[in-house]
Amino acid sequence: MAAVVVDGNKLAQEVLSEISAKLEGASPKPTLAFVLVGKNHASEIYAKKKAEDCRKVGINSLLVRLPASFTQAQIINKIRELNADQNVDGIIVQLPLPPKIDENKIIEEISPHKDVDGFHPYNFGNTALGVGKIAPCTAAGVVYLLKKSGIKLEGKHAVVVGRSRIVGKPLSLMLLNENCTVTVCHSKTKGLPKYTRQADIVCMAVGKPRMLKASMIKKGAIVIDIGINREGEKLVGDVDFGPVSRKASLITPVPGGVGPMTRAMLIKNTFECYRMRRMENDSKKLS
Ligand code: GUN
């Protein structure tokens, strides 16, 4: 039997509607700052889509464009300005940054209270411990999507392929916190199929088009495709969708699967940062 194909757009819309309702009548509205350094086609598209979601739910977006020639110190100065700006609730520095810039240093400069990506060591650490409100968006989106699809995570063997800061590492930790047995595979893993074939849940976050073949999964596996690869005008995931969907029990498509969930979690994180900073009237602790 063919797999259930998860409608990420529909699930994401539910999250956006919830946040939109919570923000009805809110004044001032939250503001999310997007920092784009230099020109990167993919970053431009991601930021545009995220800003569209902000508009839909009543979050202001502030686009901060910095030239590729900016030094690390100049970028840090801008982030400090945004940290100090009481009208700014969330800050995203769109990655990747130009190669001369140290991403870790930049992310550390973002106030953890405005770190809507959940990449700051404070939020990342909390995510690892299974506490706190701000988790990296893609990982949070995958866990949300699995739960909403009725999957019981406890005791499942999850194989995460990829170990990036943005997806693989936080996702493997979050699945561990859900009581999955987690195996993390990566570019240096020898004999990948031997691991993926054991998995109840395979999460692909590699960036290689159609890498996961039907022969690499067991029958009835749950397959989460986090890859976004461009093939001409077309977007394809890391999963060979057609054949894999005939063997899996549940699968996420690309586009329309994890992507919209990532953006929905960003909106949720922005709302949480806004709520914690402005609504809980705890500005001393957070300044
Ligand atoms: N580049 C690709 N995905 C992301 C993301 O989720 N956040 C940021 N800041 N940059 C990205």
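Residues numbered from 1 in each chain as written. Predicted model: local features only at pLDDT ≥ 70, side-chain atom pairs only at ≥ 80, totals over all residues. Heavy atoms only, no water.

Participant: Looking at this model, I keep getting lost on the overall build of the chain. Mind explaining?
Facilitator: Of the regular secondary structure elements, the chain holds 11 helices and 11 strands. Its C-alpha atoms give the chain a radius of gyration of 19 Å, within 12% of the compact-globule value 19 Å for 287 residues. The dimensions of the chain, computed from C-alpha atoms along their principal axes, are 55 × 40 × 35 Å. Here the chain holds 287 residues, and 49% of them are scored as buried. Long-range pairs, those at least 24 residues apart, make up 70% of the contacts in the chain with a sequence separation of at least 6. (Helix = DSSP H or I, 4+ residues; strand = E, 2+ residues; numbered from the N terminus. Rg over C-alpha atoms; globule rule 2.2 N^0.38 Å. Buried < 20%, exposed > 50% of the residue type's maximum accessible area, 1.4 Å probe, protein only. Contact = heavy atoms within 4.5 Å.)

Participant: What's the story with empty space enclosed by the protein in this structure? I'm lost.
Facilitator: If a probe as big as a water molecule is rolled over the atoms, it shows which places are left empty. Counting across every chain of the model gives 2 cavities of 30 Å³ or more. What the largest cavity holds in volume is close to 50 Å³. Together, Leu-36, Val-37, Gly-38, Asn-40, Ser-43, Glu-44, Gln-94 and Pro-96 line the largest cavity. Of all the elements in the fold, those that place two or more residues in the lining of the largest cavity are β2 (31–37) and α2 (41–57). In the lining of the largest cavity, the residues fall into 3 nonpolar, 4 polar and 1 charged. Its boundaries defined by the atoms lining it, the second largest cavity holds a volume of some 40 Å³. What lines the second largest cavity is simply Ile-91, Val-93, Leu-95, Ile-107, Ile-110, Asp-115, Asp-117 and Phe-119. For the lining of the second largest cavity, a count of residues per class yields 6 nonpolar, no polar and 2 charged. (1 Å grid on protein atoms, 1.4 Å probe; cavity = no way out; pocket = protein on both sides within 12 Å on 5 of 7 lines; lining within 4 Å. Points joined across faces, edges and corners; volume = space filled by probe spheres on them. Nonpolar A, V, L, I, M, F, W, Y, C, P; charged D, E, K, R; others polar.)

Participant: Could you clarify how one ought to interpret the sheet that holds strand β3 (residues 60–66) in this entry?
Facilitator: Adjacent strands of a sheet form backbone hydrogen bonds with each other and so pair up, either parallel or antiparallel. The strand order β3-β2-β4 describes an open sheet built from 3 strands, whose pairing is parallel. Two strands bound the open sheet, and with one partner strand each, they are β3 and β4 (90–93). Direction aside, the axes of adjacent strands within the sheet are offset by 20° on average. In this structure, β2 lies alongside β4, joined through 4 bridges in parallel fashion. By the bridge assignment, Val-35 is partnered in β4 with Val-93. Running at roughly 170° to β2, α2 makes contact with β2, β3 and β4 of the sheet. This element, helix α3 (residues 72–84), spans β2, β3 and β4 of the sheet and lies at about 160° to β3. (Pairing = 2+ DSSP bridges. Axes fitted to C-alpha atoms, helices over the stretch in contact; angles between N-to-C directions.)

Participant: Where do I start with helix α6 (residues 137–148) in this structure?
Facilitator: In an α-helix, one turn spans 3.6 residues; hence positions three or four apart end up facing the same way. Between the first and last C-alpha of α6 there are 16 Å, a value that for 12 residues agrees with the 16 Å anticipated at 1.5 Å per step. Listed in full, the buried residues belonging to α6 are Cys-137, Thr-138, Ala-139, Ala-140, Gly-141, Val-142, Val-143, Tyr-144, Leu-145 and Leu-146. The first or second residue beyond α6 is Gly-150, which carries a positive phi of 85°. (Expected span 1.5 Å × (residues − 1).)

Participant: How do you make sense of the packing of helix α5 (residues 121–129) against helix α7 (residues 168–177) when you look at a structure like this?
Facilitator: Each pair of packed helices can be described by the angle between their axes along with the distance between the axes. Running from N to C, α5 and α7 point in directions that differ by 35°, and their axes come no closer than 8 Å. Contacts between α5 and α7 pair Phe-124, Thr-127, Ala-128 and Leu-129 from the former with Lys-169, Pro-170, Leu-173, Met-174 and Asn-177 from the latter. When its residues are assigned to classes, the contact of α5 with α7 shows 6 nonpolar, 2 polar and 1 charged.

Participant: Where do I start with the side chain of Asn-269 in this structure?
Facilitator: Position of Asn-269 among the secondary structure elements: in helix α10 (residues 258–279). What Asn-269 contacts, discounting residues up to four positions off in sequence, is Val-116, Lys-133, Ile-134, Ala-135 and Cys-137.

Participant: What exactly am I supposed to notice about the site of the ligand here?
Facilitator: Around the ligand lies a shell formed by Lys-50, Ile-92, Val-93, Gln-94, Leu-95, Asp-117, Phe-119 and Ile-166. Between a nitrogen atom of the ligand and a main-chain N or O atom of Leu-95, the distance comes to 2.9 Å. Here a nitrogen atom of the ligand and a side-chain polar atom of Asp-117 are 2.7 Å apart. When the free accessible area of the ligand is taken as 280 Å², the share hidden by the protein chains comes to 86%. If you map the ligand onto the pockets, it falls in the largest pocket. Its residues placed into classes, the shell around the ligand shows 5 nonpolar, 1 polar and 2 charged. (Near = heavy atom within 4 Å. Polar contact = N/O pair within 3.5 Å; in protein donor to acceptor, adjacent residues only side chain to side chain. Areas by Shrake-Rupley, 256 points an atom, 1.4 Å probe, with all protein chains shown as cover. Sits in = over half its atoms within 2 Å of the grid points.)

Participant: Where do I start with the sheet that holds strand β11 (residues 250–251) in this structure?
Facilitator: One open sheet holds the 6 strands; their spatial order is β1-β11-β8-β7-β5-β6, and the pairing between them is parallel. With one partner strand each, in any of the chains shown, β1 (4–5) and β6 (181–185) form the two edges of the open sheet. Bridge analysis of strand β8 (residues 222–225) against β11 gives 2 bridges, and the strand direction is parallel. In the strand pairing of β11, Val-223 is matched with Ile-251.

Participant: Would you mind going over the nonpolar core with me for this structure?
Facilitator: Across soluble globular proteins, you tend to see nonpolar side chains buried next to one another. Leu-32, Leu-146, Leu-171, Leu-175, Cys-203, Ile-224 and Ile-226 are the most contacted members of the largest nonpolar core, which totals 52 residues. The biggest single contributor to this core is α10, with 9 residues. Filtering out sequence-adjacent residues up to four positions away, Leu-171 remains in contact with Ala-139, Val-142, Val-143, Val-160, Cys-203 and Ile-226. By size, the runner-up hydrophobic cluster in this structure holds 19 residues, among which are Ile-79, Val-88, Leu-95 and Ile-107. (Core = buried A, V, L, I, M, F, W, Y, C linked by side-chain atoms within 4.5 Å.)

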